[in-house]
Amino acid sequence: MLKTLGRRWREKLDFGLFTLPVLICIAVAFYIPFVMTIRYSMTKWNGISKHPKFVGLDNFQQIFTGDSNFANSAWFTIKYALLYIVIVNVLAILLAVLLDMKLKSTSWLRAAFFIPYILSLVIVGFIWKFIFMQGFNSLGESTGWSFFGLSWLGTPGLAFISILGVSIWQSIGFYLVIYIAGLQSVPDDLKEAATVDGAGAMRRFFSITLPLLAPSITISVFMALTNSIKVFDVILSLTGGGPGGTTYSIAYDIYRDTFQNNLYGYGTAKALILFVAVLVVTIIQLTVFKRREVEA
Amino acid sequence: MKTNNNKAGRIILEVVLVILSLLFLYPLFLTIINSLKSFSEVMTDVIALPKHLALSNYSYVWKFINYPRLFLNNFIITGLGLLGIVFISSIAAYKLARTKSRLSGIIYFLCIMPMLIPFQSIMLTVLQTAKNLNLSGSTWGLGLLYWGFGAPLAVFIYHGFVKGIPTEIDESATIDGASSFRLFFSVIFPLLKSVTTTIVIIDVMWIWNDFLLPLLMVNGSPDTKTLTLAAYTFVGQYTSDWQYAMTAMVMAVLPSIIVFIFLQKYIVKGVVAGAVKG
């Protein structure tokens, strides 16, 4: 009797010892700050005065009705995310199919396309800033192409394309290796059987390869979405939000309000909106893709 | 005839792809050659090779940003973060996967739920929490903070893996009378080697290159900066001295590239495994 009681207590103690450290760390990193965020989002505070002033839902009302910065950055982020997700996945699938053909240089090619992914995004932004500002000058002079003469960081539309292009350049290797792994799990005899049946390359790709890649597509689209909705680092170093404030993303707008304009309450209200947006988009995406995968 | 055609096609494809990959890496090549030029050479022609190797760029930047110090900082932050993440996540995930109770389910949910919280949503209050706990402004404090940020994904990956290990293994060891920590580290942890590798790879890449959290936490003093932060500040100060800026870039990314060249196979594998499981 005493012995079983002792054992029960020991099990409970063990459970606590094993799980408490992680709970404390996660609470410090996420839950405490998250509760504080909810609290601050209903206040007006510049970080200097001792006590934040409670203003209810005023911040949210102002964000949705009279904040063109927020509207612009939200629109920028949506456009960016959609284009990024589509382009990076299409390009990565195409490259993966080519690299899956067992070429002699496959391992070099895979490594080459993967290298930018191991670099910090801020640094990637600076490297490309140099290429756009200085490198394109020299390239323009030696090739004579007007393409290099354009102001890739100084014109609003082009700056958007530059940010998109640099992001894709940095991360395509990641999606590429996921798709290569996905293709390698497609059984060879399935592909061969289709060849014998006389299916053309296009037909084979769309009716066999693509459906079997569905799990990889789910993962990649999910990753592309969560990364693009939070885009920040690369913009900071590449354009700094310019020209004329046209390339602020939501994350950058939050950063600007909180740390540059010292609008602590207002900035955290925006931060909370970002959280809800990410949550909703993630849930929708997971349910849609799960359903489709089961059907396939 | 057809196979000949195929063969020629493959060679053309191969050549095209190799050229494409070289163009793809051209910006990095330009960065390296310009880090070896003098100011006037950078200004006159970016794409030409350096006429004289200006190695003095490197000694100048090395001293100016105190490179060994930065490297040590990155090392401390990444190493400390990694040790903690692997330790606390593996023991928790093991216990949670082995305990079938409501409490266990709730705790597991609380552990992985934060994966949905974007860092920018809580960055201000994370900074304040860190200040309250005296963690801000120090490399050790930043390393500690990563424990919580890295744990959700690590718990998730470990949890999935532990479920696949038969419970008979624990039971046979329990009968021998080993304490539960001993049991875990001598019997279970070695079985987790492959997932631990995955977690180490994705977390090293993340912490080593992370920018926003270090910017908020340790950017105050040159003694606590990370490589990326120093490169960021350096470029801010030397906006027109591109040769120094490019030198700083090369010095910031070189450790990652060297590690990648040697551990390429493992890194790619780890990244894929992390994405597929995560």
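Residues numbered from 1 in each chain as written. Chains lettered and ligands numbered in written order. Predicted model: local features only at pLDDT ≥ 70, side-chain atom pairs only at ≥ 80, totals over all residues. Heavy atoms only, no water.

Chain B appears in an unreviewed UniProt entry as Raffinose/stachyose/melibiose transport system permease protein from Paenibacillus jilunlii. Turning to chain B, the UniProt record has this under Sequence similarities (unreviewed entry): "Belongs to the binding-protein-dependent transport system permease family." Note on chain B: under the UniProt heading Subcellular location (unreviewed entry), the record states "Cell membrane". (UniProt positions renumbered as here; feature names shortened; annotations may be inferred.)

Looking at an unreviewed UniProt entry, chain A carries the name ABC transporter permease, with the source organism given as Paenibacillus jilunlii. In its Subcellular location (unreviewed entry) section, the UniProt entry covering chain A states "Cell membrane". Looking at the Sequence similarities (unreviewed entry) heading of the UniProt record, one finds this comment for chain A: "Belongs to the binding-protein-dependent transport system permease family."

Q: Mind laying out the overall build of chain A, listing which residues take part and the relevant values?
A: On a plain count of helices and strands, chain A comes out with 12 helices and 2 strands. Rg of the C-alpha trace for chain A: 25 Å, well past the compact-globule value of 19 Å for 296 residues, more than 25% over. Projected onto its principal axes, the C-alpha coordinates of chain A cover approximately 75 × 70 × 30 Å. A burial count over chain A gives 52% of its 296 residues as buried. A fraction of 70% describes how many contacts in chain A between residues 6 or more apart in sequence connect residues 24 or more apart. Here chain A has roughly 14,600 Å² of accessible surface; of this, 67% comes from carbon and sulfur atoms. Of the side chains in chain A, 23 bear a positive and 15 a negative charge, and the two mean positions are spaced by 9 Å. (Helix = DSSP H or I, 4+ residues; strand = E, 2+ residues; numbered from the N terminus. Rg over C-alpha atoms; globule rule 2.2 N^0.38 Å. Buried < 20%, exposed > 50% of the residue type's maximum accessible area, 1.4 Å probe, protein only. Contact = heavy atoms within 4.5 Å. Areas by Shrake-Rupley, 256 points an atom, 1.4 Å probe, with all protein chains shown as cover. Lys, Arg positive; Asp, Glu negative; His and termini not counted. Charge placed at Lys NZ, Arg CZ, Asp CG, Glu CD.)

Q: Outline the packing of helix α5 (residues 121-143) of chain A against helix α12 (residues 227-237) of chain B, supporting the account with residue identities and numerical values.
A: Packing of α5(A) against α12(B) leaves a shortest axis separation of 9 Å and a crossing angle of 30°. Classified by the angle their axes make, α5(A) and α12(B) are roughly parallel. As α5(A) packs across α12(B), the resulting crossing turns out to be left-handed. Packed against α5(A), whose contacting residues are V122(A), I123(A) and F126(A), the element α12(B) presents T228(B), A231(B), Y232(B) and V235(B) at the interface. Looking at side-chain class alone, the contact of α5(A) with α12(B) contains 6 nonpolar, 1 polar and no charged residues. (Axes fitted to C-alpha atoms, helices over the stretch in contact; angles between N-to-C directions. Parallel < 35°, antiparallel > 145°, perpendicular 65-115°, else oblique. Left-handed = near helix turned anticlockwise from the far one by under 90°. Nonpolar A, V, L, I, M, F, W, Y, C, P; charged D, E, K, R; others polar.)

Q: Just give me the short version of the UniProt feature "transmembrane region" (unreviewed entry) in chain B, but keep the residues and values in it.
A: Residues and elements named next belong to chain B. Under the present numbering, the feature "transmembrane region" (unreviewed entry) in UniProt falls on residues 12-33, 70-94, 106-124, 144-162, 183-208 and 242-263. Secondary structure over residues 12-33 splits into 100% helix and 0% strand, and the C-alpha atoms at its two ends are 30 Å apart. Helix makes up 100% of residues 144-162 and strand 0%, and the two end C-alpha atoms of the span are 25 Å apart.

Q: Tell me about the nonpolar core, and name the residues and values.
A: Counting residues in hydrophobic clusters, the biggest one holds 166 residues, and the most contacted among them are L145(B), F149(B), L213(B) and M217(B). Element by element, the count of residues in this core is highest for helix α6 (residues 156-184) of chain A, at 16 residues. In this structure, this core is formed jointly by two domains, domain 1 (7-44) and domain 2 (68-291) of chain A, each of which donates at least three residues. Among all residues touching M217(B), those that are not within four sequence positions of it are L127(B), A130(B), L135(B), S136(B), G137(B), G141(B), L142(B) and L145(B). Among the nonpolar cores identified, the runner-up in size contains 12 residues, and I65(B), Y67(B), L227(B) and Y244(B) belong to it. (Core = buried A, V, L, I, M, F, W, Y, C linked by side-chain atoms within 4.5 Å. Domains from an automatic or database assignment.)

Q: Pulling in residues and values, what's your account of a nonpolar patch on the surface?
A: A surface patch of nonpolar side chains, about 720 Å² in accessible area, is lined by L254(B), I258(B), V259(B), I261(B), F262(B), L263(B) and Y266(B). On the secondary structure map, V259(B) appears in helix α13 (residues 242-277). (Patch = residues over 30% accessible without salt bridge, like charges linked within 9 Å, V, L, I, M, F, W, Y side chains within 5 Å. Salt bridge = Lys/Arg side-chain N within 4 Å of Asp/Glu carboxyl O.)

Q: I'd like a rundown of the interface of chain B and chain A, residues and numbers included.
A: Taken together, the contact between chain B and chain A spans 86 residues of the former and 83 residues of the latter. Between chain B and chain A the total buried area reaches about 7,800 Å² when both faces are included, carbon and sulfur atoms providing 81% of it. Viewed at the interface, chain A and chain B are joined by 1 salt bridge. One salt bridge connects D14(A) with K95(B), and the closest N-O pair in it is separated by 4.0 Å. One can count 17 residue pairs in polar contact (both at pLDDT 80 or more) joining chain B with chain A. (Buried area = accessible area lost by both parts, 1.4 Å probe. Polar contact = N/O pair within 3.5 Å; in protein donor to acceptor, adjacent residues only side chain to side chain.)

Q: Residues and numbers for the UniProt feature "transmembrane region" (unreviewed entry) in chain A, please.
A: Per the UniProt record, the feature "transmembrane region" (unreviewed entry) sits at residues 12-34, 80-99, 111-132, 152-181, 205-225 and 271-289 of chain A. End-to-end, the C-alpha atoms of residues 12-34 of chain A are 29 Å apart, and along that stretch the chain is 100% helix and 0% strand.

Q: Got a sec to walk through the domain arrangement of chain A? Specific residues and values, please.
A: All names here are of chain A. When the domains of chain A are assigned, the result is domain 1 (7-44) and domain 2 (68-291). Placing the centre of domain 1 and that of domain 2 at their C-alpha centroids yields a distance of 34 Å. Contacts between the two partners involve 6 residues from domain 1 and, on the opposite side, 6 residues from domain 2. With both sides pooled, the region where domain 1 packs onto domain 2 buries about 490 Å², and carbon together with sulfur makes up 81% of that total. Together, F34, T37 and S41 form the three largest contributors to the area buried by domain 1 at its contact with domain 2, with a combined 68%. Across the domain 1-domain 2 interface, the total number found is 0 salt bridges. Sorting elements by how many residues they give to the side of domain 1 that touches domain 2 places helix α1 (residues 2-40) first, with 4 residues. Grouping the constituent residues of the side of domain 1 that touches domain 2 by class yields 3 nonpolar, 3 polar and no charged.

Q: Tell me about unusual backbone geometry, residues and numbers included.
A: Cis geometry marks the peptide bond from G242(A) to P243(A), where omega comes out at -5°. By secondary structure assignment, the location of P243(A) is in the loop between α10 (233-238) and α11 (250-260). Phi is positive for K102(A), which is not a glycine, with a value near 55°. One can find K102(A) in the loop between α3 (68-99) and α4 (106-114). Relative accessible area serves as the criterion here: at 60%, K102(A) is assigned to the exposed category. With a phi angle near 55°, N66(B) is a residue other than glycine that sits in the positive phi range. Residue position: N66(B) is located in the loop between α3 (56-64) and α4 (67-98).

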